[in-house]
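Below are the chains, spelled out letter by letter.
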Amino acid sequence: MAQQFFVLGIGGTGMRCIESLIHLCAMGMFDDTDIHLLALDTDKNNGNFGRLKELKEAYVNAKGLKAESRVAHKDTFFSANIKYYEFSPDYETKSTFKEVFNYGDTQYNHREETDLADLVLDRNVEEFNLQHGYRAQTHLGSMMMYQSIVEASKSRLPNGLKDFVSALITETTSGKAKVFILGSVFGGTGASSIPIIPQALSRAAQIISNGSADILKNAYFGSTLLTAYFNFTLPTAGEISQQKIIATSDKFALNSQVAMMFYDDDATVRSIYQRFYMMGTDGLNWNPMQTEDKSSNKTLTGGSQQKNDSHYIELLAASAALDFLNTDEDKLQQDKDNYKTEYLYRAVEDNDKFDFQDFVGKERQTEFAKKLGCLVAFALFNNGEDDFVEKSRSGEDKEVVGFEEIDPSQVKYLKDYFRLFFARMIEGGALEEGWLRQLHRSAGGGDKFLLNPKLFAPQTRKELMKLDWNKNLYRNDGIGKDNKYSTGMFGSKFNSFKKLFLQELHGEGSKGITNRGEQLYKLIYDTLTKLYNFN
């Protein structure tokens, strides 16, 4: 039976961390796992929220069009079964603190409560629009998020929060659950939510189960403590006057320091969380809006235009979730019994390069290299001129038979996934960066990030297809340097792939998988891992 894992991505940074986690799932790093993903953000129209939903749709439908037939697998692409939920507090009709808490009526009936609010919240904080998040006002955000989760659990209407908590209740009735939170400590929504999420989930579970569920007792909690790693344009005086409150990146470093002091000092938080993964960068020179809008000087507080580029540290955060899932349960229970929290960090070699071990450790570095590289090769064989999966499905390739029943929509979603993963073609044949290319740029470009820099050099589809990824997939040093294959004197990289695939086709590698599309993915996975000499 697949292991169950519960992950929450909170705020804009949390959305991008979930994106990285989904890409790890596509590589096959979360084998034999049902992952319950809750995307939680106040800004439901946020561009990163929208991109996450597009990625999620591509992943789950590439795995199979019918949700009830999707299951977790092992040693293949798209091996994890993702069960996705989302929740956004409703700030449509009541969009400020004063409106949500009926400040006018409360002031008349319970003056002492509004006096207390006025003492800890200044006027602008009480009156700014909450639809774009809590804008680094964590003292307000923690209270608002807790209240929103509790109210959602009481609602008679269905919502993603209730569905996620119900799945968590089911898991904790028969054992212990692992819950991991992805978010930052320097912004608004994530920073506000990380301290209160365990208690909020526990209270919601009590409401939904009529008091029978005890999440705090029967779950292990881990979280990222992700400090500042980017900057954006400072707001003008006019923007501040209009918006009342805007989170500014010049305060992110200070926010991070204060947050770390809180997590180190707060006894309640340390008694609930078993692990914190501390991470950050040594500077704030990353511009997350570089590819979305190079010409705008406007400060975006949220909305559909706020679609930040991905950054390598978000992959590190997703890798922390992978580490937490694989942590020995006895160790977590011992820490839980002793009210002990472990603070973990990973030091990167001071050679200006990122290696596979920097993300997953030495024990899994070869596995990570294999699965990431082979997924790139799969993307290039599938979304390039070879179009292997579609030709197999349509019967155009006469030698590859047995896959005609794959739904064309499943192939379309697979192509959509690969465009988001690596690159998509835009007008004129130019390439638009996908997730992996953005990570490469965030790490400094060149040979500084995991794979061969030649993969990231092409600017057009034609240039990309000319690339010899059979021998230029990995860097010339470290893990992967010897993992390449020859095409022979007159062969091609595709023909070498197909020859070995046809051998795999007559084996039993995909036995036990019922979806024909996933059977094909498994055969491609086995072919590529052998082709690149990982087996």
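A short tour of the structure in this document, coming up.

Below, the discussion takes up the side chain of Lys56. Position of Lys56 relative to the elements: it lies in helix α2 (residues 47-63). Not counting chain neighbours up to four residues away, the residues in contact with Lys56 comprise Ile22 and Tyr84.

Positionally, Asn452 belongs in the loop between α21 (435-442) and α22 (461-466). Those residues within four positions of Asn452 in sequence are excluded, and the remaining contacts are Asn472, Leu473, Tyr474, Arg475 and Asn476.

What follows deals with the pattern of salt bridges. Enumeration over the complete set of coordinates arrives at 29 salt bridges. A salt bridge links Glu342 to Arg275; the nearest nitrogen and oxygen atoms lie 3.5 Å apart. Pair noted here: Glu342 is in strand β7 (residues 342-344) and Arg275 is in strand β6 (residues 275-279), with a separation of 67 residues, a long-range link. Pair check on accessibility: Glu342 and Arg275 agree, each one buried. Of the charged contacts, one joins Glu433 and Arg441 as a salt bridge, the two residues approaching to 2.8 Å between their closest N and O atoms. One salt-bridge network, held together by shared partners, links Arg275, Asp323, Lys331, Asp335 and Glu342.

A few words on the packing of aromatic side chains. Scanning all chains against the criterion turns up 36 aromatic pairs. The structure contains a cluster of three or more aromatic residues connected by ring pairs, namely Tyr59, Phe77, Phe78, Phe378, Tyr417, Phe418, Phe421, Trp435, Tyr521 and Tyr525. Sitting above the plane of the Phe49 ring, Lys53 keeps its charged end 4.8 Å from the centroid. The residue whose ring lies beneath Lys412 is Tyr413, and the NZ or CZ to ring-centre distance is 5.0 Å.

Conventions used here
- Residues numbered from 1 in each chain as written.
- Predicted model: local features only at pLDDT ≥ 70, side-chain atom pairs only at ≥ 80, totals over all residues.
- Heavy atoms only, no water.
- Helix = DSSP H or I, 4+ residues; strand = E, 2+ residues; numbered from the N terminus.
- Contact = heavy atoms within 4.5 Å.
- Salt bridge = Lys/Arg side-chain N within 4 Å of Asp/Glu carboxyl O.
- Buried < 20%, exposed > 50% of the residue type's maximum accessible area, 1.4 Å probe, protein only.
- Phe/Tyr/Trp six-rings, centres within 6.5 Å; stacked < 30°, edge-to-face > 60°.
- Lys NZ or Arg CZ within 6 Å of the ring centre and 35° of its normal.

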